[in-house]
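# Structure assessment
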Amino acid sequence: MQKGHFEEKISTNKVRQSEIKRKLDVLGWLRIITFALGIGTIILGNFKQNLMGYVIGVILLGIFIGLVRAYKKIDLQREYYLAEEKVLEKYIARLGEEWKSFDEKGEAYYSDKSKEKDLDLLGRASLYQYICTAHTPFGKRALAKEISSGNKDRETILKRQGAIKELITDETFALHLQTISMQMKLRGEELKEESLESFMVEAEKQATYITKPMKYLGLILPFITLFGLVTALLGMNPSQGYI
């Protein structure tokens, strides 16, 4: 791949990030406005003992919660494109000498320092530093192990070559996988081995399913909580009148 190809992708990525930022700015202001109007309308309704004020206030607070959810969903897109940009920048770095400044060098996985250093398998300016895109202890250790010792089984080698060929020919899929991994790093979600192993053991025991009623309850509960907080602060009891 040529450098210009990746630079064009970065340019397109930045345009998408700008569009998402504009959406987030609009949603951010709408959240503030609807929340303020909702609270203000409920307070006014309480002051004037006007049921319509409560109704409008409740509707506005419901819209506010919907905007919060929409903001979070779009912000995940922002995170994704930011991570993708970082991955593409690393692609470009590998076309020159900048890759030698990558943080992950594999030095923690030395087993025979003499061999691995002499052949530039691990360490600074090594094969590991050049190709590593892993962000979990499992991935990093597995890559270091394969580079250092490899696998002599012909069938396994052929299978891995086929997998690598598939990734090379499907740039979109490969970029997507690396972007998700980069997202995890940017969020600071690099799991420790112990916690990851415990999670995998528990995940193998049972699968968790969320029913439709539970999904609806998840949508309604924030609204009920917020409304209850507002009415409590105002000293209101909808079922018994005013205090």
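For the structure, see preceding data.
The structure contained in this document is the topic of the report that follows. Everything numeric here is computed off the predicted structure, so don't read it as measured data.

On to the side chain of Q17. Structurally, the position occupied by Q17 is in helix α1 (residues 3–48). At a separation of 3.5 Å, a polar atom in the side chain of Q17 contacts the main-chain carbonyl oxygen of Y81. Leave out the neighbours within four places in its chain, and Q17 touches Y81, L82 and E85.

Another point: the side chain of Q129. Along the chain, the position of Q129 falls in helix α4 (residues 127–131). Note on Q129: relative accessible area 1%, which makes it buried. At 2.8 Å, the side chain of Q129 and the backbone oxygen of F102 are in polar contact. Excluding residues that lie within four positions of it along the chain, Q129 makes contacts with W99, K100, S101, F102, E104, K105, G123 and R124.

Turning our eyes to something else, we now look at the nonpolar core. Counting nine residues, the largest nonpolar core is built from F6, I10, A83, V87, L88, Y91, I92, L175 and M182. Those residues in contact with L175 that lie beyond four places of it in its chain are E84, V87, L88 and Y91.

In helix packing, the relevant descriptors are the interaxial angle and the interaxial distance, both defined with respect to the helix axes. Where helix α6 (residues 154–169) meets helix α7 (residues 171–186), the axes come as close as 5 Å, and the angle between the chain directions of the two elements is 100°. As the angle between them shows, α6 and α7 are arranged roughly perpendicular. Taking contact as the criterion, the partners of L167, I168 and T169 in α6 are, on α7, E171, F173, A174 and L177. For the contact of α6 with α7, a count of residues per class yields five nonpolar, one polar and one charged.

A few words on the packing of aromatic side chains. Enumeration over the complete set of coordinates arrives at four aromatic pairs. Centre to centre, the rings of F35 and F64 are 4.9 Å apart; their planes meet at 50°, and the pair counts as tilted. Here F64 lies in helix α2 (residues 51–94) and F35 lies in helix α1, a separation of 29 residues in the sequence. Residue F64 is classed as buried on the basis of its relative accessible area, which comes to 17%. Ring centres of W99 and Y130 lie 5.0 Å apart, and the angle between their planes is 85°; this geometry places the pair in the edge-to-face category. Linking W99 in the loop between α2 and α3 (113–118) with Y130 in helix α4, this pair joins segments that are 31 residues apart in sequence. Taking the relative accessible area as the measure of exposure, W99 reaches 11% and is therefore buried. Between R31 and the ring centre of Y71, over which it is positioned, the NZ or CZ distance is 4.0 Å.

Here the focus is the pattern of salt bridges. In the structure shown here, the tally under the stated rule is nine salt bridges. Notably, a salt bridge pairs K14 with E85, separated by 2.7 Å at the nearest N-O pair. One end of the pair, K14, is in helix α1; the other, E85, is in helix α2, with 71 residues separating them in the sequence. For K14, a relative accessible area of 42% gives the class partly exposed.

Let us look at the environment of A134. Looking at the secondary structure, you find A134 in the loop between α4 and α5 (137–148). C-alpha separation for the pair A134 and E104, spaced 30 residues apart in sequence, amounts to 8.9 Å. Those residues in contact with A134, other than ones at most four positions away along the chain, are G139 and K140.

Turning our eyes to something else, we now look at the packing of α1 against α2. In contact at an axis separation of 7 Å, α1 and α2 are set at 165° when each is read in the N-to-C sense. The pairing of α1 with α2 is recorded here as roughly antiparallel in orientation. Handedness of the α1/α2 crossing: left-handed. In the contact of α1 with α2, the residues fall into 27 nonpolar, eleven polar and twelve charged.

Reading the values: the criteria
Residues numbered from 1 in each chain as written. Predicted model: local features only at pLDDT ≥ 70, side-chain atom pairs only at ≥ 80, totals over all residues. Heavy atoms only, no water. Helix = DSSP H or I, 4+ residues; strand = E, 2+ residues; numbered from the N terminus. Polar contact = N/O pair within 3.5 Å; in protein donor to acceptor, adjacent residues only side chain to side chain. Contact = heavy atoms within 4.5 Å. Buried < 20%, exposed > 50% of the residue type's maximum accessible area, 1.4 Å probe, protein only. Core = buried A, V, L, I, M, F, W, Y, C linked by side-chain atoms within 4.5 Å. Axes fitted to C-alpha atoms, helices over the stretch in contact; angles between N-to-C directions. Parallel < 35°, antiparallel > 145°, perpendicular 65-115°, else oblique. Nonpolar A, V, L, I, M, F, W, Y, C, P; charged D, E, K, R; others polar. Phe/Tyr/Trp six-rings, centres within 6.5 Å; stacked < 30°, edge-to-face > 60°. Lys NZ or Arg CZ within 6 Å of the ring centre and 35° of its normal. Salt bridge = Lys/Arg side-chain N within 4 Å of Asp/Glu carboxyl O. Left-handed = near helix turned anticlockwise from the far one by under 90°.

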